[in-house]
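# Remarks on the overall topology
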Amino acid sequence: MDHKRTRIYLDYAAATPVHPEVAAIMQAYSSQVFGNPSSVHSFGREAKTVLEESRESIARSIGADPGEVCFTSGGTEADNHALVGTAFASRRKTGKSHLIVSSIEHHAVLGCAEYLASLGFTVSVVPIGGNGVVDPTDVVRCITPDTCLISVMHVNNEIGTVQPIEAIGSAARERGIIFHTDAVQAIGKIRLSFRSLPVDLLSMTAHKIQGPKGIGALVIRRGTDLDALIHGGSQERKQRAGTENIPLIAGFARAVTQAMSDVEASMRHASELNEILIRKIQTAVGDVIVNGDREHAVPSILSVSLDGGRYAIDGETLLINMDLRGIAVSSGSACTSGSVQPSHVLQAMGRESRNASLTIRFSLGNQTTHEEVETAADAFIDIALNAAR
Ligand SMILES: Cc1ncc(COP(=O)(O)O)c(C=O)c1O
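Every chain's residues receive numbers from 1 upward, in the order its sequence appears when written. Where local features are concerned, this predicted model is filtered to residues with pLDDT of at least 70; where side-chain atom pairs are given and counted, the filter is 80 or more; whole-chain, interface and lining totals use all residues. Based on all heavy atoms of the structure, the side-chain values leave hydrogens and waters out of the count.

### Points about the site of the ligand
Spelled out, the test is: To be near a molecule or strand, a residue needs just one of its heavy atoms within 4 Å of it. In the analysis that follows, any N or O atom pair within 3.5 Å is treated as a polar contact, provided that within protein one partner can donate a hydrogen and the other can accept it, and provided that, for residues neighboring in sequence, both atoms belong to side chains. Throughout, the protein atoms alone are placed on a 1 Å grid, and a set of points is a cavity if a 1.4 Å probe fits but cannot get out or a pocket if it is open with protein on both sides within 12 Å along at least five of seven lines; lining residues have an atom within 4 Å of a point. A cavity or pocket is said to hold a molecule if more than half of that molecule's atoms lie within 2 Å of its grid points. Each residue gets one label: Ala, Val, Leu, Ile, Met, Phe, Trp, Tyr, Cys and Pro are nonpolar, Asp, Glu, Lys and Arg are charged, and the others, such as Gly, are polar.
The ligand sits among 13 residues. The nearest are T76, D182, Q185, T205 and K208. H106 places a side-chain nitrogen or oxygen 3.4 Å from an oxygen atom of the ligand. One of the side-chain N or O atoms of K208 is found 2.7 Å from an oxygen atom in the ligand. The site holding the ligand turns out to be the second largest pocket. Here the shell around the ligand is built from residues that sort into 2 nonpolar, 8 polar and 3 charged.

Next comes the structure, spelled out in structure tokens:
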């Protein structure tokens, strides 16, 4: 039996297969366009054209101006650039040094906030209710005259909840505070127009939308004051020095165009599959906990927990048992799944750690089939029922 063909991949929120058209573009630009975009000669100009056309197509797909798109090495760097860049510029220019982040941010934001706290910045972490959605009034309550930045993600990577970024962004704007949103998990799931959102800084990455790893962008609204993280040449309007990676950037552009043109169809497909998963699992495992408010969540992410007191299995064994049956799912966020720790998101939502660590995240992609989710649900049900005390 071909092992590869029997495997089922339901971890699209961690990584996605590179789209064949993206791979073809990257291949072509790796071998054919090798000039340095900063060079004046025709080889350089050719690379510069690809760079600027890619920037334009990304900007068009998300309703931004091309000059607002600053390429980075991915979502982590974009988040670091937003937080550290704003904090440093603000402290130097206005003396303000207070930041607000939500408790369910990705580690790329939370780790950065901790780093800034170690440098003397003050950080408020907004608490979250059991539904996994940040309440804008809780954010407003944290604002002080010293606040320079608010960072709340668009879509949570562990439970899929969509955050009220318009309300939070408007509150920030009224007070002249810079608002950053990590939209890594929103691109391709939610139609967005950067121009009409009250957002100053927006992070994105290619590898969640069938693009390559190691490339992303921070979209920076014109006039937003932030320092560069990487200093040197004057690439990316002096926001990020270093020779641009043309094949990755061209692949990223194709992935964004593709993902944003298919948002509605992709989410309809994900909704159907999500319903099958929930219905099957809830029917067979009556006490399963579905994490996060499903009314305010993308359908491509479904996180379920079992009560650790009622099931004689731990999170890691649950995950390994799924893998042994050929089903790739995650225990929570990709970055913590190497070691199965209770999820900081579920803990922030008030879950006891015995439930928080007995959690599976199914994440669905355009390639996912009905048959795959049926098989995955059956496997989960079987493992759970066998472990019931
Ligand atoms: C919400 C969120 N932000 C940031 C990142 C980090 O992005 P990257 O892997 O491109 O550094 C991830 C990746 O899992 C994510 O889900």
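### Some words on helix α2 (residues 20-32)
What counts, and what does not: Helix and strand labels come from DSSP, where a helix needs a run of H or I of at least four residues and a strand needs a run of E of at least two; each type is numbered from the N terminus. To estimate the expected span of a helix, count its residues, drop one, and scale the result by 1.5 Å. In this scheme, a residue with accessible area under 20% of its type's maximum is buried, one over 50% is exposed, and one in between is partly exposed, where area comes from a 1.4 Å probe on protein chains only. The reported arc concerns the directions from the helix axis to the C-beta atoms and nothing else. Here, residues are in contact when the closest pair of their heavy atoms is within 4.5 Å.
Spanning 13 residues, α2 covers 18 Å between terminal C-alpha atoms, matching the ideal 18 Å at 1.5 Å per step. Every buried residue belonging to α2 is among V22, I25 and M26, and all of these are buried. In an axial view of α2, the angular spread of the buried residues amounts to 95°, which keeps them on one side of the axis. Of the exposed residues in α2, the ones pointing more than 90 degrees away from its buried face are P20, Q27 and Q32. Residues of α2 that are buried in the fold lie against α8 (246-261).

### Here's the deal with the confidence of the model for the protein chain
Detail in the predicted coordinates should be disregarded across regions flagged by low pLDDT. Test applied: As a per-residue quantity, pLDDT reports the predictor's confidence and falls between 0 and 100.
Summing up the model confidence of the protein chain, the mean pLDDT is 95 and the portion of residues at 70 or higher is 96%. Note that pLDDT drops below 50 for residues 333-337; the model gives that stretch 11 contacts with residues more than four away or on any other chain.

### Observations concerning a nonpolar patch on the surface
Which entries qualify depends on this criterion: Exposure above 30% relative accessible area and the absence of a salt bridge qualify a residue for a patch, where like charges join within 9 Å and nonpolar side chains (Val, Leu, Ile, Met, Phe, Trp, Tyr) within 5 Å. For accessible areas, the Shrake-Rupley method is used with a probe of radius 1.4 Å. Any residue's cover is judged against the shown protein chains and nothing else. The working definition used for a salt bridge is a side-chain nitrogen of Lys or Arg within 4 Å of a carboxyl oxygen of Asp or Glu.
Together, F88, Y115 and L119 make up a nonpolar patch on the protein surface, roughly 250 Å² of accessible area in all. Positionally, Y115 belongs in helix α5 (residues 107-118). Among the residues examined, Y115 registers a relative accessible area of 42% and is labelled partly exposed.

### Examining the packing of helix α4 (residues 75-93) against α5
Angle between the axes and distance between the axes are the two parameters that describe a pair of packed helices. Spelled out, the test is: Comment: axis = line fitted to C-alpha atoms, over the contacting stretch for helices; angle = value between 0 and 180 degrees taken between N-to-C directions. Note on terminology: angles under 35 degrees are roughly parallel, angles over 145 are roughly antiparallel, angles of 65 to 115 are roughly perpendicular, and the others are oblique. Crossing handedness is read from the near helix: turned anticlockwise from the far helix by less than a right angle, it gives a left-handed crossing, and turned clockwise, a right-handed one.
Running from N to C, α4 and α5 point in directions that differ by 30°, and their axes come no closer than 9 Å. Overall, the two elements α4 and α5 adopt an arrangement that is roughly parallel. Of the two possible hands of crossing, α4 and α5 adopt the one that is right-handed. In this structure, α4 contributes T76, D79, N80, L83, V84, A87 and F88 to the contact, and α5 contributes A108, V109, C112, A113, Y115 and L116. Taken together, the residues of the contact of α4 with α5 break down into 10 nonpolar, 2 polar and 1 charged.

### Digging into unusual backbone geometry
With a phi angle near 65°, Q210 is a residue other than glycine that sits in the positive phi range. Position of Q210 among the secondary structure elements: in the loop between β7 (201-205) and β8 (216-220). Classification of Q210 by relative accessible area gives buried; the value is 13%. Of note in this structure, K238 is not a glycine but carries a positive phi near 65°. Here K238 shows up in the loop between β8 and α8.

### Considering the domain arrangement of the protein chain
Note the cut-off: Just so you know, the domain bounds were taken from an automatic or database domain assignment. Computed with a 1.4 Å rolling probe, the buried area is the accessible surface lost when two parts are put together, summed over both parts.
Partitioning the protein chain into structural domains gives domain 1 (3-17 + 263-387) and domain 2 (20-261). Taking only C-alpha atoms, the centre of domain 1 and the centre of domain 2 are 28 Å apart. On the side of domain 2, 34 residues touch domain 1, which itself brings 33 residues to the contact. With both sides pooled, the region where domain 1 packs onto domain 2 buries about 2500 Å², and carbon together with sulfur makes up 54% of that total. Counting the surface domain 1 buries against domain 2, the share from its top three residues, V263, H344 and M349, is 23%. On inspection of domain 1 and its partner domain 2, the count reaches 1 salt bridge. Applying the counting criterion to the domain 1 and domain 2 interface returns 16 residue pairs in polar contact (both at pLDDT 80 or more). Those elements giving two or more residues to the side of domain 1 that touches domain 2 turn out to be α9 (263-284), β10 (301-305) and α11 (344-348).

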